[in-house]
Amino acid sequence: MRNTDSSLSSPDLRRRLHRRLLQWYRTNKRSLPWRDVDNPYYVLISEFMAQQTQLARVEEHFPRWIVRFPDISTLAAASRRSLLLAWSGMGYNRRALNLHAAAMRIVEEHGRRIPDDPTVLQSLPGIGRYTAHAVACFGYGKRVPVVDVNVRRVLSRLSRNMNTTETMLDEKEAWILAADLLPPRACYNWSQGLMDLGAGICTARKPRCSQCPLSTVCSSAHRLRTPERKAAPVVRETPRRIYRGRVIELLRRAAGHCSDAERIRCQIFGSTDPADRQKLIGILASLEKDGMVTVYQGKKRISDVAAHSAPLSALRICLVK
Ligand code: SF4
């Protein structure tokens, strides 16, 4: 018989829910290099990497990163340039610098120990609510909720009779419910189990309710309709972040510097349109502001490239030291 109690408030129901998910997780969990390793640093790195990058790519990069920067002290002492070089292929390069800034704060202010308190963690650069709770729970076994998009989707469907695959609890409700549903023990396995269930069974568009260990306690089991996909809006202009990424990638391949910004313009825009000069200057100014590149004319550093009128061919661009 299916549950219709939208709040999942019955203690018996909760016990069944916990037991079923934890049993399922024991035999179905994904094997990931940062899992079941008693090392908060591994958790911190994997969570930073996974913020905007697909898991398969994180799995590929993570072991190399750990060999290169095995602990928080090594990371804090590394140059920003070495981090940007090592971050190649991960996208959203600003994360590498945020990670570095967080590592320096951890070394300077927390005696090299990654904090275990989500509030303290959230005061560090690049760490939001999800990452803070993930480090506290997965790195230290703290009994705190962890809500990513998979967990939010699973909890939404479990707790409410959702009619379509597109409806979900709002984020605030999902965090409240996640905190309320935490089992007394095994919070690590519980949250990891919800994530794995959301990634493999209770997926965004094709939930496999007939294979789900929670189908008898789920309010939405076998009821979800998947609306037709709306046509994706036509993207007319390449977003600036793509060009920013291309500039950094080009510098990586050129050993960290390019002595002629005109070459960068040709390579990233693939045209000789003179209007691209201003576009590139804007991109360089934003990268400079974020501390990723420095711009020189000859040996002189230019502090405000946007206000400069030198030809691109006179500008030398370097990855930050
Ligand atoms: S029964 Fe279906 S909707 Fe409910 S959690 Fe499982 S896969 Fe998701």
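What counts as what
Residues numbered from 1 in each chain as written. Predicted model: local features only at pLDDT ≥ 70, side-chain atom pairs only at ≥ 80, totals over all residues. Heavy atoms only, no water. Helix = DSSP H or I, 4+ residues; strand = E, 2+ residues; numbered from the N terminus. Buried < 20%, exposed > 50% of the residue type's maximum accessible area, 1.4 Å probe, protein only. Contact = heavy atoms within 4.5 Å. Areas by Shrake-Rupley, 256 points an atom, 1.4 Å probe, with all protein chains shown as cover. Near = heavy atom within 4 Å. 1 Å grid on protein atoms, 1.4 Å probe; cavity = no way out; pocket = protein on both sides within 12 Å on 5 of 7 lines; lining within 4 Å. Sits in = over half its atoms within 2 Å of the grid points. Nonpolar A, V, L, I, M, F, W, Y, C, P; charged D, E, K, R; others polar. Axes fitted to C-alpha atoms, helices over the stretch in contact; angles between N-to-C directions. Parallel < 35°, antiparallel > 145°, perpendicular 65-115°, else oblique. Pairing = 2+ DSSP bridges. Points joined across faces, edges and corners; volume = space filled by probe spheres on them.

Novice: Please explain the overall build of the protein as it appears in this structure.
Specialist: What the protein contains, in helices and strands, is 14 helices and four strands. Counting every position in the protein, which comprises 321 residues, the buried fraction comes to 49%. Taking all contacts inside the protein whose residues are at least 6 apart in sequence as the whole, residues at least 24 apart take part in 63%. For the protein, the accessible surface area stands at approximately 16100 Å², while carbon and sulfur atoms represent 50% of it.

Novice: I'm lost on the site of the ligand in this one. Help?
Specialist: Around the ligand, the neighbouring residues are Arg-157, Cys-202, Cys-209, Cys-212, Ser-215, Cys-218, Ala-221 and Leu-224. The pocket occupied by the ligand, as judged from atoms lying within 2 Å of grid points, is the largest cavity. Residues belonging to the shell around the ligand are distributed by class as follows: six nonpolar, one polar and one charged.

Novice: What is the right way to read the environment of Cys-209 from this model?
Specialist: Inspection of the secondary structure assignment puts Cys-209 in the loop between α11 (187-200) and α12 (240-253). The class for Cys-209 is buried, based on a relative accessible area of 16%. Residues Cys-209 and Ala-221 lie twelve residues apart in sequence; the distance between their C-alpha atoms is 5.8 Å. If near-sequence neighbours (up to four positions away) are discounted, Cys-209 is found in contact with Ser-215, Ala-221 and His-222.

Novice: Help me understand the packing of helix α8 (residues 129-140) against α11, please; the structure alone is not making it clear to me.
Specialist: Axis angle and axis distance: for two packed helices, these are the angle between their axes and the distance between the axes, and together they describe the pair. At a minimum axis separation of 9 Å, α8 and α11 run at an interaxial angle of 130°. The angle between α8 and α11 places the two elements in the oblique class. Taking contact as the criterion, the partners of Tyr-130, Cys-137 and Phe-138 in α8 are, on α11, Cys-187, Tyr-188, Ser-191, Gln-192 and Met-195.

Novice: Teacher, can you tell me more about unusual backbone geometry here?
Specialist: As a rule of thumb, non-glycine residues mostly have phi less than zero, and peptide bonds are mostly trans rather than cis. For Asp-36, which is not a glycine, the phi torsion comes out positive at approximately 55°. Note on placement: Asp-36 falls in the loop between α1 (11-28) and α2 (40-50). Positive phi values are uncommon outside glycine, yet His-222 reaches one of about 60°. Relative to the helices and strands, His-222 is located in the loop between α11 and α12.

Novice: Quick question: what am I supposed to make of the sheet that holds strand β2 (residues 293-297) here?
Specialist: By way of backbone hydrogen bonds, the strands of a sheet pair with one another, either parallel or antiparallel. Pairing within the open sheet is antiparallel, and its four strands lie in the order β1-β4-β2-β3. At either end of the open sheet lies a strand with only one pairing partner, and these are β1 (257-258) and β3 (300-302). Relative to strand β4 (residues 315-319), β2 runs antiparallel, the two being bridged by five bridges. Within β4, the position partnered with Val-295 by the bridge is Ile-317. Across the sheet, α12 is in contact with β1, β2 and β4; its angle to β4 comes to roughly 85°. Packed on one face of the sheet, helix α14 (residues 276-289) meets β2, β3 and β4 and runs near 125° to β2.

Novice: Would you mind showing me how to read empty space enclosed by the protein here?
Specialist: If a probe the size of a water molecule is rolled over the atoms, the empty space left behind becomes visible. If you walk through the whole model with that rule in mind, you get one cavity of 30 Å³ or more. Its boundaries defined by the atoms lining it, the largest cavity holds a volume of some 120 Å³. Along the wall of the largest cavity there are 16 residues; nearest its centre are Arg-157, Cys-202, Cys-209, Cys-212 and Cys-218. In terms of residue count, the dominant contributor to the lining of the largest cavity is helix α9 (residues 149-159) (three residues). Considering only residue class, the lining of the largest cavity consists of twelve nonpolar, two polar and two charged.

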